[in-house]
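Residues per chain, in single letters:
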Amino acid sequence: MDYFIQQSLNALSFGAEYALIALGLAIVFSIMGLVNFAHGEVIAFGGYSMVIMGTLLTNNPFVLMVGVVAACVFASVALERVAFRTVRGADLTTGLLTAFGVSIILQNLFLLFGSPRPIAATQFIFLDRTIAIGSIRVSSLQIYETVTTLLAILALMFFLRRTTLGMAMRAAALDFEMVRLCGVRANRVIAGAFAISGLLAGLACIFIMARRGSVQPHMGFDPVLVAFVACVIGGFGSLPGAVLGGFLLGITEVAVLILLPQSAGGLAHAVVFALVALVLIWRPDGILSPAREKGDKI
Amino acid sequence: MRFLPLNSAQRQGLLGSAMLSLLILAIVGAYYLWGESYQARMLYAVFVNLLVVVGLQVFTGNANITSFSHAAFMGIAAYVAAICVTPIAMKAISLPDAPWGLNAFELSALSAALLALLITGLLGLATGLFMARLTGVGVTIVSIAILVIVHSIFLYRTDIFKGNQALFGIPKIFDLPQITALVIVAIFIARAFRESAVGLKLRASADDEVGARAMGVDVFKVRLIAWVVGTLFFATAGIAYAFYLGTISARPFYFNFVFLTVSMLILGGLRSVTGAVFGTLMISMGLELVRWLETGPVISGIKFPEVLGLSGLLLGVVIVAVMAFLPRGIMGNREIEDFVKRKR
Amino acid sequence: MLEISQLKVFHGVIEAVHGIDVSVSEGQCVSLLGPNGAGKTSTLSAITGTAKSTGSIRLLGEDMTRLSIEERCRKGIAISPEGRRIFSNLTVRDNMLMGGAMRRDRAALLSEIGEWFERFPILGERAGQMAGTLSGGEQQMLAIARALLSRPRILLLDEPSLGLAPQIVAKIFEIIRELKSRGITILLVEQNAAAAIGVSDKVYILNNGRISRQGAAAEFGDGSDLMDELTGVHS
């Protein structure tokens, strides 16, 4: 029983991290059809900012957390301005390759100005403690992670349903041109999407840093690859799909780790990706793919 | 030239391929005349990339669907060829724990290469049956899945693939003349494919899939053919890679190589074989220059600092700039002979 | 109010409208009639900025041609587009809120939405329902309400009667007449010539991207002599 609860929490926290990152990808994709592979570098940028702020400003972890989130929001919005505005409205492949290009540029900038080796940044490590609830011993980080993700999802739902900008984003996912015809500035909607995406990346960054305790140029690539897969499983562009996909992947990964013999741990990723390929063949548009509507003549 | 039943596009294809081959021969000739021996390795690597990029053009270019799995197929072929061709005595040291008697046999270079082509081709066929059914984005996504799966297996089965360690002791079978011949053959085949009925149908379906279907094009079939043909190019590149370097490891067959080759293709222009060749040559030269700068060279007495990551940075900038300002690449839809024709 | 001159509209390399002049005065309802493919919707798209065009488009003397889609809306051009294009994944109320998304006076906006719900009780009843569940006629009313909630200077209506049952069509034209009586300037694109002429002050007939006839609505009678021109059949 204890084992089951521990593993469930494991799955939830894995899933929470994937869901956070996947939501960041999905919100941008739903609005401008861009698969933002540079999202991982936004996370890494948060990590490097943390190193810089930690050295120059303060070691207070709570100030640093705010700083990390702010840095990620800044990076995300800045990327849109500098790189993705030129490919707005371009086809999917163009956007995807641009995002990959941006991702490579950023990774190499980190390499140039940082170091290929990990740089320690341990201010958030304190989040990860083993705590005992009754007879069960769990990691506090996993609880924080799960709770924060759920809160972030609720806040996002509130934003999307109750604010004008949020509504415009939901509407833009369906018919961006019509949203502009209502006088809503396209730049604001897109900047808003990238800001939210950056915010979610910032939260993910805090947890990743709490677990790793160091930054590296490529640190964002693998999480985003997995989050990308989560989006695919859930149906690209669907926000509930991204969350569902994230948690499904978390559960799958933990299940694979439990079910496969210890020695096959390295294959967890392979199994997960194989499942994705199967899902795509079964439902090419993902499980919860959004309905696409266009203002066709009746 | 009346004995071949070729249409005018195909005749032009022959002309274009011949011109590209002359360019390749000129480069090789220049090396033999003025090159230094360390540059042979460099040139060989460029030609391996060229095989891959021309192969990419076959599927990605003609179908206009980005795929990232080529490094996986190249890796599979490289490992198959390497494991088959390495002498038993050597495998006893390099692969002591290999299962299924993999270290208890050896094949001639030719049969090893053919077996590698066969296995990779069959895998290409198996994946292609699914790939050809998917929509554009689906292919990209599943191709990433294939890349990750294959890479995970390379890393996991260290008893066969040695993971990130080197699988060493592969005899050196190919050298510059062989790869030059392969590249020239590849250019002719890729161009012939582009101008063939299948290639034409594929390009038509890329422009307007519904329209092409309505005209009776079996999109599934033409995509499948292109996918398998492309896979064979990657397999050839993998074999050539293993047959020259003497050691292989899993690391080169992953995302970095994928980005490198895809950016070569998009810089030159997806839709043209000439573009694939030009893009490869230009990025290879640019990277060589930057790599030299990276090491901190001494130029006219000034020692420049060592800057890691400059080559990667350049690659990223090329991709972003091409996508933003030149989305159809340098060549667009044109081929090399179009320049000659216009001057007439 | 709206002055269009020498307007050419392009879809890619194809020129759909070949240099037309249209003018709409304050408080007028002007109809743009013509057969399918005549360039009516293209003209409206050029005015809203969703299609590429050359020539001049002036609203109250101000040049619109260099403005983005959203800026034109902010200057006072609102449209109930072809196919209505309501946001089917938003509730009816949220659709209306989107119409007034750029307004700062939220209280006034909310009370206006309340007025619309009184005017169209069926929309009021379904305020919290997804707009995609509405019938065609209801969606059309919603689209008109959404456009007007931006408080436009001019309302563009693209085939509001398309695909609706005759009683609903009558109701839509009743709404248009009412809007006109409230002093709202309207540019109406229609295939239903008789009904459109009935509510209009001025009529333009568009054929193959050119204006083939224009004049006061009274000159067109009940529109029955326009049959040939509007169906594109030349006897």
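What you are looking at is a predicted structure, and each value in this text was computed from that prediction instead of being measured. (Residues numbered from 1 in each chain as written. Chains lettered and ligands numbered in written order. Predicted model: local features only at pLDDT ≥ 70, side-chain atom pairs only at ≥ 80, totals over all residues. Heavy atoms only, no water.)

Enquirer: What is the right way to read the overall build of chain A from this model?
Expert: Across its full length, chain A holds 10 helices and 4 strands. Shown N-terminal to C-terminal, the secondary structure of chain A runs as helices and strands in the order α-α-α-α-β-β-β-α-α-α-β-α-α-α. Expressed along its principal axes, the backbone C-alpha trace of chain A runs to roughly 65 × 50 × 35 Å. Once local pairs closer than 6 in sequence are excluded, the contacts in chain A between residues at least 24 apart make up 76%. As presented, chain A carries roughly 12,000 Å² of accessible surface, and 67% of it is formed by carbon and sulfur atoms. Charged side chains in chain A number 18 positive and 14 negative. The centres of these two groups are separated by 8 Å. (Helix = DSSP H or I, 4+ residues; strand = E, 2+ residues; numbered from the N terminus. Contact = heavy atoms within 4.5 Å. Areas by Shrake-Rupley, 256 points an atom, 1.4 Å probe, with all protein chains shown as cover. Lys, Arg positive; Asp, Glu negative; His and termini not counted. Charge placed at Lys NZ, Arg CZ, Asp CG, Glu CD.)

Enquirer: Teacher, can you tell me more about the overall build of chain C here?
Expert: Within chain C one finds 9 helices and 10 strands. The C-alpha atoms of chain C give 17 Å as radius of gyration, which agrees with the globular expectation for 235 residues (18 Å, within 12%). Dimensions of chain C along its principal axes, counting C-alpha atoms only, are 50 × 40 × 30 Å. With 235 residues in all, chain C has 54% of them scored as buried. Expressed as a percentage of contacts within chain C between residues at least 6 apart in sequence, the contacts between residues at least 24 apart total 66%. Of the roughly 9,600 Å² that chain C leaves accessible, carbon and sulfur atoms contribute 49%. (Rg over C-alpha atoms; globule rule 2.2 N^0.38 Å. Buried < 20%, exposed > 50% of the residue type's maximum accessible area, 1.4 Å probe, protein only.)

Enquirer: What should I look at first to understand the interface of chain B and chain A in this one?
Expert: Reports of interface size often rely on the accessible area that becomes lost once the parts have come together. The interface is formed by 33 residues belonging to chain B together with 35 residues belonging to chain A. Broken down residue by residue, the surface that chain B buries against chain A is led by I141, Y156 and M323 of chain B, which jointly contribute 18%. At the boundary of chain B with chain A, the tally comes to 0 salt bridges. Counting every contact that joins chain B to chain A gives 0 residue pairs in polar contact (both at pLDDT 80 or more). Elements with a minimum of two residues in the side of chain B that touches chain A: α6 (136–156), α12 (255–268) and α14 (310–325) of chain B. Among the elements that make up the side of chain B that touches chain A, the one with the highest residue count is α6 of chain B (12 residues). (Buried area = accessible area lost by both parts, 1.4 Å probe. Salt bridge = Lys/Arg side-chain N within 4 Å of Asp/Glu carboxyl O. Polar contact = N/O pair within 3.5 Å; in protein donor to acceptor, adjacent residues only side chain to side chain.)

Enquirer: What am I meant to see in the packing of helix α1 (residues 2–32) of chain A against helix α9 (residues 239–259) of chain A here?
Expert: All names here are of chain A. With their axes 7 Å apart at the nearest point, α1 and α9 run at an angle of 145 degrees to one another. In the packing of α1 onto α9, the handedness of the crossing is right-handed. Per-class residue counts for the contact of α1 with α9 are 19 nonpolar, 5 polar and 1 charged. (Axes fitted to C-alpha atoms, helices over the stretch in contact; angles between N-to-C directions. Left-handed = near helix turned anticlockwise from the far one by under 90°. Nonpolar A, V, L, I, M, F, W, Y, C, P; charged D, E, K, R; others polar.)

Enquirer: Would you mind going over the interface of chain A and chain C with me for this structure?
Expert: Contact residues are listed per partner, giving 24 residues for chain A and 28 residues for chain C. Summing both sides of the interface, chain A and chain C together bury roughly 2,500 Å²; the carbon and sulfur share of this comes to 58%. Put simply, chain A and chain C have 5 salt bridges between them. Here R85 of chain C ties to E177 of chain A by a salt bridge, and the two come within 3.1 Å at their closest N and O atoms. On the surface where chain A and chain C come into contact, there are 8 residue pairs in polar contact (both at pLDDT 80 or more).

Enquirer: Would you take a moment to explain the environment of S135 of chain C for this structure?
Expert: Among the structural elements, S135 of chain C can be located in the loop between α5 (121–125) and α6 (136–148). Taking the C-alpha atoms as reference, S135 of chain C lies 33 Å from S25 of chain C; in sequence the two are 110 residues apart.

Enquirer: Is there a simple way to explain the packing of aromatic side chains in this structure?
Expert: With the rule as written, the count across this model stands at 19 aromatic pairs over all chains. Aromatic side chains F37 of chain A and F228 of chain A sit 4.9 Å apart centroid to centroid with 50 degrees between the ring planes, which places their arrangement in the tilted category. Within this pair, whereas F37 of chain A is found in the loop between α1 and α2 (39–56), its partner F228 of chain A is found in helix α8 (residues 221–234), the two being separated by 191 residues in sequence. Summarising the burial analysis for this pair, F37 of chain A and F228 of chain A share the class buried. Lying over the aromatic face of F87 of chain C, R146 of chain C brings its terminal NZ or CZ to 5.0 Å of the ring centre. (Phe/Tyr/Trp six-rings, centres within 6.5 Å; stacked < 30°, edge-to-face > 60°. Lys NZ or Arg CZ within 6 Å of the ring centre and 35° of its normal.)

Enquirer: Teacher, can you tell me more about the nonpolar core here?
Expert: Nonpolar side chains in soluble globular proteins tend to end up buried together. In terms of nonpolar packing, the biggest core is built from 293 residues, with F37, F84, F124 and F228 of chain A, F47 of chain B together with L2 and M98 of chain C touching the most fellow members. Examining the composition of this core, we find that 16 residues originate from one element, helix α7 (residues 186–212) of chain A, more than from any other. Here F37 of chain A is in contact with L96, A99, F100, S103, V224, L225 and F228 of chain A together with I144 of chain B, once residues within four sequence places are set aside. (Core = buried A, V, L, I, M, F, W, Y, C linked by side-chain atoms within 4.5 Å.)

Enquirer: I tried to follow the sheet that holds strand β9 (residues 202–207) of chain C on my own but got confused; where do I start?
Expert: Residue and element names in this part refer to chain C. Strands sit in the order β6-β7-β8-β3-β9-β10 across an open sheet of 6 strands; the sheet is mixed. What marks the edges here is a single partner per strand, and that holds for β6 (77–80) and β10 (210–216). In this sheet, adjacent strand axes meet at a mean angle of 15 degrees when their direction is disregarded. The pairing of β9 with β10 spans 6 bridges and is antiparallel. Bridge pairing in β10 links N207 to R210. Set on the sheet, α6 makes contact with β6 and β7 (154–158); between it and β6 the angle comes to about 175 degrees. (Pairing = 2+ DSSP bridges.)

Enquirer: I'm lost on the sheet that holds strand β2 (residues 14–24) of chain C in this one. Help?
Expert: Within a beta sheet, neighbouring strands are joined by backbone hydrogen bonds and run either parallel or antiparallel to one another. All names here are of chain C. On the basis of which strands lie adjacent, the open sheet formed by 4 strands has the order β2-β1-β4-β5 and antiparallel pairing. Of all the strands in the sheet, the pair left with one neighbour each is β2 and β5 (62–63). As paired elements, strand β1 (residues 2–11) and β2 share 8 bridges and run antiparallel to each other. Residue pairing for β2: V9 is matched across the bridge by V17.

Enquirer: Is there a simple way to explain the pattern of salt bridges in this structure?
Expert: According to the stated counting rule, one finds 22 salt bridges over all chains in the structure shown. For D105 of chain C, the salt bridge goes to R103 of chain C, with nearest N and O atoms at 3.2 Å. For D105 of chain C, a relative accessible area of 29% gives the class partly exposed. Salt bridges here are not isolated pairs; linked through shared partners, they connect R191, R194, E195 and R203 of chain B.

Enquirer: What is the right way to look at helix α3 (residues 92–99) of chain C in this model?
Expert: Most of α3 of chain C is tucked away, with 7 of its 8 residues classed as buried. All of the buried residues along α3 of chain C are V92, D94, N95, M96, L97, M98 and G99 of chain C.

Enquirer: So what exactly am I meant to see when it comes to the packing of helix α3 (residues 61–84) of chain A against α7 of chain A here?
Expert: Two packed helices can be described by the angle between their axes and the distance between those axes. Residue and element names in this part refer to chain A. The contact between α3 and α7 brings their axes to 7 Å, and the two run at 140 degrees. Considered as vectors, α3 and α7 are oriented oblique to each other. Crossing of α3 against α7: the hand is right-handed. Facing M65, V68, V69, C72, V73, S76, V77, E80 and F84 of α3, the residues of α7 in contact are I190, A191, F194, A195, S197, G198, L199, A201, G202, L203, C205 and I206. (Parallel < 35°, antiparallel > 145°, perpendicular 65-115°, else oblique.)

Enquirer: Looking at this model, I keep getting lost on the side chain of S196 of chain B. Mind explaining?
Expert: The topology assignment puts S196 of chain B in the loop between α8 (176–195) and α9 (197–207). A distance of 2.7 Å separates a polar side-chain atom of S196 of chain B from the backbone oxygen of F193 of chain B.

Enquirer: What's the story with the arrangement of the chains in this structure? I'm lost.
Expert: By contact count, the leading pair among the 2 pairs of chains in contact is chains A and B. Nothing in chain B touches chain C; the tightest C-alpha to C-alpha distance between them is still 15 Å.

Enquirer: Got a minute to help me understand the environment of L96 of chain A in this structure?
Expert: Structurally, the position occupied by L96 of chain A is in helix α4 (residues 92–113). With residues near it in sequence (within four places) discarded, L96 of chain A still touches L34, V35 and F37 of chain A together with F68 and T140 of chain B.

Enquirer: Would you explain unusual backbone geometry in this entry?
Expert: Glycine aside, residues mostly have negative phi angles, and peptide bonds mostly take the trans form. All names here are of chain C. A positive phi is found at Q6, a non-glycine position, where the angle reads about 50 degrees. By the element assignment, Q6 lies in strand β1. The exposure class of Q6 is partly exposed, given its relative accessible area of 47%. Its identity as a non-glycine residue notwithstanding, R84 has a phi of 70 degrees, on the positive side. Note on placement: R84 falls in the loop between β6 and α3.

Enquirer: Even after reading the chapter, I still don't get the side chain of T98 of chain A, so can you show me in this structure?
Expert: By secondary structure assignment, the location of T98 of chain A is in helix α4. In contact with T98 of chain A, not counting residues within four places along its chain, are A83, F84 and V87 of chain A together with V320 and M323 of chain B.

Enquirer: Just checking my understanding: could you explain the pairing of strand β2 (residues 130–133) of chain A for this structure?
Expert: For a regular strand, side-chain orientation follows a simple rule: the groups alternate between the two sheet faces. Residues and elements named next belong to chain A. Taken together, the 4 bridges between β2 and strand β3 (residues 136–139) define a ladder with antiparallel strand orientation. Bridging across to β3, I133 finds its partner in I136. Joining the antiparallel neighbours β2 and β3 is a turn of 2 residues, in which G134 adopts a positive phi near 60 degrees.

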